[in-house]
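Close look at the chain arrangement
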Protein chains: 2
Amino acid sequence: MTQPQIAFLGTGLMGGPMAANLLKAGFSVTAWNRTAAKAQALGPLGARAAASPGAAAADADIVITMVSDGPAAADLLFSQGVADTMKRGAVLVDMSSIKPAEARDHAERLRARGLDHLDAPVSGGTRGAEAASLAIMAGGDADVFERLLPVLSAMGRPVRVGPHGAGQLSKLTNQAIVAATIGIVAEAMLFAGKGGADPAAIRAALKGGFADSIVLQQHGERMTTGNFAPGAASRTQLKDIENVLSEAQSLGLALPLVEHMRSRYARFIDELDGAGKDHSGIYLELLDLNGMA
Amino acid sequence: MTQPQIAFLGTGLMGGPMAANLLKAGFSVTAWNRTAAKAQALGPLGARAAASPGAAAADADIVITMVSDGPAAADLLFSQGVADTMKRGAVLVDMSSIKPAEARDHAERLRARGLDHLDAPVSGGTRGAEAASLAIMAGGDADVFERLLPVLSAMGRPVRVGPHGAGQLSKLTNQAIVAATIGIVAEAMLFAGKGGADPAAIRAALKGGFADSIVLQQHGERMTTGNFAPGAASRTQLKDIENVLSEAQSLGLALPLVEHMRSRYARFIDELDGAGKDHSGIYLELLDLNGMA
């Protein structure tokens, strides 16, 4: 696949810099966004702006979608004409974070029309999107993934983690680990501080060891400095946790720590006005639990 | 303090290579160990072997202890003559992992005899001890810590985290984070695998991101390959957790995730013969919980 035509649907906070990196890498990109100005902003980098998702997809070899959730992705694909106008043999790469079951359903419906599908959600935030350093977790056929490697590599570090839906499962796995890690880092910072140690010095001392993580260094600092402006909002963290547990339930799995974090984030949001605060704000919920809020 | 005389008490699995690194850095070391052969083994590197802890400590500016627990450290200091023979103004550096309250008690009793004390437990295992790359978490007076920096730096990366006892508190903080991180990594590996993704690929995909940690990479691999030979035994992990909770109780703190992990490790040990298995073996307990063992 030399010189593929790419349609990029959803060029917002994440999709904008991702599409920009494709253009900088020399790919030919047609952009569409619900708010047209965000697609037109890519013009100086060489993107054409399309009037509709269907128009953007019509001459594309690869259609990339980056939208807010599963229903938004399904709407683009099956109500706004993308699946209808895509060329036979073209690939839909959905980089949105949606449920694994939704991804598998989309893949199946596209396959019935002779279209390939890859779920390829990302982790790394807007900073990773801008720096082309996103973790890209891909689910789908190995040969399709191999074919798309040059395109995905222009946006970050792609790894194929399994069949259709596995990319979304990997993203949920990421979110589950982050939730519980934030929870234990909150306990660690409270324990260290109350015990008379300097939490910042402890973060420095643990750096590079078995207890270390970006969460310890970054979210731990947010906790001890009281900076809970999002970042990633607690309401989004709770939604991710609920998606993990809904998928776990359909697999017949009990995940006790994830379940514990669901009840903690729900309490933070319902009783302590935490919805819009950064997910490191669970530290405030822990303080409240200890009568220290 | 140029050319300090160092006594190293407890030159076993950890203390042996730590003392060797002091010798390699050019320090003058007198070594003692309960099993004398382990002290004598440092002879070729230039160590003198002492016949008793008190004899080793008598002419030392710095006495380093590296033993199994608080009672063993107290026995050396106050029953086997170390505190009695140490020179006024000398420093006792206890690198053993003991309870914060024990460390504070030892510091107080030594101060009454005109002796300084630093608690300086380590993290990094025998590999870190050999490579002189241990995380060294120090609690005690800032000027004493500064004076000891050249000595501590020959064994690893020292950070002062607060006053007497804070080093031990930091070590417990480390162990608490590790316990819960192992717990969530177990859930992540089970969830990913049961959902049809490749856990090894997911570990690769998450590398460098918010969910990443040495625990995800190393203990996660142990879980999916079924390698539960210790490493760090689950009985030791449970002892560490109990020390965290005992210190938390004396601080009046509730730490729900640490409490959760206590009950999980206790169940693993009591009901599933987990005591001698690596702490990543909590994956087996999770499988059992899910009726999959």
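Note that this is a predicted model, so its numbers are computed, not measured.

This part covers the overall build of chain A. A tally of helices and strands in chain A yields 14 helices and nine strands. Taken over the C-alpha trace, chain A has a radius of gyration of 21 Å; the compact-globule value for 293 residues is 19 Å, and the two agree within 12%. Along the first, second and third principal axes, the C-alpha set of chain A runs to 65 × 45 × 35 Å. Relative to its 293 residues, chain A shows a buried fraction of 59%. Considering only intrachain contacts with a sequence separation of at least 6, the fraction spanning at least 24 residues in chain A is 63%. About 10800 Å² of surface is accessible on chain A, with carbon and sulfur atoms providing 50% of the total. Averaged over its 26 positive side-chain charges, chain A has a centre that lies 3 Å from the centre of its 29 negative ones.

In this section: the domain arrangement of chain A. Residue and element names in this part refer to chain A. Here chain A is partitioned into domain 1 (5–163) and domain 2 (169–289). Here domain 1 and domain 2 have C-alpha centroids that lie 30 Å from each other. Facing eleven residues of domain 1, the contacting portion of domain 2 comprises eight residues. Summed over both sides, the interface between domain 1 and domain 2 buries roughly 750 Å², with carbon and sulfur atoms accounting for 51% of that surface. Linking domain 1 with domain 2 are one salt bridge. Taken together, the links from domain 1 to domain 2 amount to three residue pairs in polar contact (both at pLDDT 80 or more). Elements supplying a minimum of two residues to the side of domain 1 that touches domain 2: α6 (100–111) and β7 (122–123).

Turning next to the packing of helix α9 (residues 166–194) of chain A against helix α13 (residues 256–272) of chain B. Axis separation between α9 of chain A and α13 of chain B bottoms out at 8 Å; the angle between their running directions is 105 degrees. It follows from the interaxial angle that α9 of chain A and α13 of chain B lie roughly perpendicular. Contacts between α9 of chain A and α13 of chain B involve A180, G183, I184 and E187 of chain A on the former and, on the latter, P256, L257 and V258 of chain B. Taken together, the residues that form the contact of α9 of chain A with α13 of chain B break down as five nonpolar, one polar and one charged.

The subject of this paragraph is the packing of aromatic side chains. Counted under the stated rule, the structure contains zero aromatic pairs over all chains. Between R109 of chain A and the ring centre of F78 of chain A, over which it is positioned, the NZ or CZ distance is 3.8 Å.

As a further point, take the pattern of salt bridges. Applying the stated criterion to the full structure yields 22 salt bridges over all chains. Here R109 of chain A makes a salt bridge to D105 of chain A, at a shortest N to O gap of 3.4 Å. Of this pair, R109 of chain A and D105 of chain A are both found in helix α6, four residues apart, which corresponds to roughly one turn of the helix. Residue class for R109 of chain A comes out partly exposed when judged on its relative accessible area of 38%. Put simply, D116 of chain B and R147 of chain B hold a salt bridge, and the shortest N to O gap is 3.4 Å. Placement of D116 of chain B in strand β6 (residues 116–119) and of R147 of chain B in helix α8 (residues 142–153) is noted, with a sequence separation of 31 residues between them.

An α-helical segment advances 3.6 residues per turn. Residues three or four places apart therefore align on the same side. Counting buried positions along helix α10 (residues 199–206) of chain A yields six of eight residues, so the element is predominantly enclosed. Among the residues of α10 of chain A, those classed as buried are P199, A201, I202, R203, A205 and L206 of chain A. At its buried positions, α10 of chain A is contacted by α9 and α11 (214–225) of chain A together with β8 (134–139), β9 (156–162) and α9 (166–194) of chain B. Measuring from the side-chain oxygen of the N-cap residue of α10 of chain A to the backbone nitrogen of A200 of chain A gives 3.0 Å; that N-cap residue is D198 of chain A. Directly after α10 of chain A, the chain includes G208 of chain A, whose backbone phi takes a positive value near 85 degrees.

Below, the discussion takes up the relation of the copies chain A and chain B. Take chain A, turn it by 180 degrees, move it 0.0 Å along the axis, and it overlays chain B with an RMSD of 0.1 Å. Accordingly, the operation relating the two chain copies is best matched by a two-fold axis. Of the C-alpha atoms belonging to chain A, the one lying closest to the rotation axis is found on S213 of chain A, 2.6 Å away. Comparing interface residues between copies, 100% of those in chain A also lie at the interface in chain B; the contact surface is shared.

Each value, and the rule that gives it
Residues numbered from 1 in each chain as written. Chains lettered and ligands numbered in written order. Predicted model: local features only at pLDDT ≥ 70, side-chain atom pairs only at ≥ 80, totals over all residues. Heavy atoms only, no water. Helix = DSSP H or I, 4+ residues; strand = E, 2+ residues; numbered from the N terminus. Rg over C-alpha atoms; globule rule 2.2 N^0.38 Å. Buried < 20%, exposed > 50% of the residue type's maximum accessible area, 1.4 Å probe, protein only. Contact = heavy atoms within 4.5 Å. Areas by Shrake-Rupley, 256 points an atom, 1.4 Å probe, with all protein chains shown as cover. Lys, Arg positive; Asp, Glu negative; His and termini not counted. Charge placed at Lys NZ, Arg CZ, Asp CG, Glu CD. Domains from an automatic or database assignment. Buried area = accessible area lost by both parts, 1.4 Å probe. Salt bridge = Lys/Arg side-chain N within 4 Å of Asp/Glu carboxyl O. Polar contact = N/O pair within 3.5 Å; in protein donor to acceptor, adjacent residues only side chain to side chain. Axes fitted to C-alpha atoms, helices over the stretch in contact; angles between N-to-C directions. Parallel < 35°, antiparallel > 145°, perpendicular 65-115°, else oblique. Nonpolar A, V, L, I, M, F, W, Y, C, P; charged D, E, K, R; others polar. Phe/Tyr/Trp six-rings, centres within 6.5 Å; stacked < 30°, edge-to-face > 60°. Lys NZ or Arg CZ within 6 Å of the ring centre and 35° of its normal. Least-squares fit on C-alpha atoms with pLDDT ≥ 70 in both.

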